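Coordinates in review
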Amino acid sequence: MARQAGGRIVNVSSRAAFRGEPGAPAYAASKAGLNALSQSLAKALAPRSVYVYVVAPGWVATARVARAIQDKAVLADQPLGRVATPEEVAQVVSYCALDAPASMTGAILDVNGASYLRT
């Protein structure tokens, strides 16, 4: 009897995939492509018990964007009054990698503090 492969893939995308980024269209397009690839892989790999999840953060408080996230327009777009922390994003990635149920395969999880909502 053939053994099932099993495993998990967790990709990190961005809210830019859904809302676009006028100043970075290639970035937004690449993240939208990553989402489509991930969902296609979720369908293709499910029979092998390989589950694929996507985490799509908004702004994350890192040194690279420290100046940008102080901008009043960016902060005004954050219902929490702040952007996500790296630890919050890591918590969601860890959940997907270790604990998310198989029935969530193909899901894209937003981690943006309600700064962008999809329906």
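Our structure is the block above this text.
Residues numbered from 1 in each chain as written. Predicted model: local features only at pLDDT ≥ 70, side-chain atom pairs only at ≥ 80, totals over all residues. Heavy atoms only, no water.

Inspection of the entire model under this criterion finds 5 salt bridges. A salt bridge links Arg19 to Glu21; the nearest nitrogen and oxygen atoms lie 3.3 Å apart. Ionic pairing is found between Asp77 and Arg19, a salt bridge with its closest N-O pair at 3.8 Å. With Asp77 in the loop between α3 (72-76) and α4 (86-98) and Arg19 in helix α1 (residues 16-19), this pair connects stretches of sequence that are 58 residues apart. Connected through salt bridges with shared partners, the residues Arg15, Arg19, Glu21 and Asp77 form a single ionic network. (Salt bridge = Lys/Arg side-chain N within 4 Å of Asp/Glu carboxyl O. Helix = DSSP H or I, 4+ residues; strand = E, 2+ residues; numbered from the N terminus.)

Next up on the list: the packing of aromatic side chains. In total, this model carries 0 aromatic pairs according to the counting rule given. Directly above the ring of Phe18 sits Arg118, whose terminal nitrogen or CZ lies 4.0 Å from the centroid. (Phe/Tyr/Trp six-rings, centres within 6.5 Å; stacked < 30°, edge-to-face > 60°. Lys NZ or Arg CZ within 6 Å of the ring centre and 35° of its normal.)

Attention shifts here to the environment of Lys72. Counting through the fold element by element, Lys72 comes out in helix α3. Judged by relative accessible area, which is 74%, Lys72 ranks as exposed. (Buried < 20%, exposed > 50% of the residue type's maximum accessible area, 1.4 Å probe, protein only.)

Backbone geometry at Ser49 places phi at a positive 60°, although glycine is not the residue there. The exposure class of Ser49 is partly exposed, given its relative accessible area of 23%. Look at Ala114: it is not a glycine, yet its phi comes out positive at around 70°. Within the secondary structure layout, Ala114 lies in the segment after β3 (108-111).

So, on to the nonpolar core. The tendency in soluble globular proteins is for nonpolar side chains to be buried side by side. Counting 11 residues, the largest nonpolar core is built from Tyr51, Tyr53, Val55, Val60, Ala84, Val89, Val92, Cys96, Ala100, Leu109 and Val111. If we skip the residues at most four places from it in the chain, Ala100 touches Arg8, Tyr53 and Tyr95. (Core = buried A, V, L, I, M, F, W, Y, C linked by side-chain atoms within 4.5 Å. Contact = heavy atoms within 4.5 Å.)

Attention now goes to the sheet that holds strand β2 (residues 50-57). Read from one edge of the open sheet, 3 strands run β1-β2-β3, paired in parallel fashion. On the outer flanks of this sheet lie β1 (7-12) and β3, each paired with one strand and no other. In this sheet, neighbouring strand axes are inclined to one another by 20° on average, regardless of whether the strands run parallel or antiparallel. As paired elements, β1 and β2 share 6 bridges and run parallel to each other. From the neighbouring strand, Arg8 faces β2, where its bridge partner is Tyr51. (Pairing = 2+ DSSP bridges. Axes fitted to C-alpha atoms, helices over the stretch in contact; angles between N-to-C directions.)

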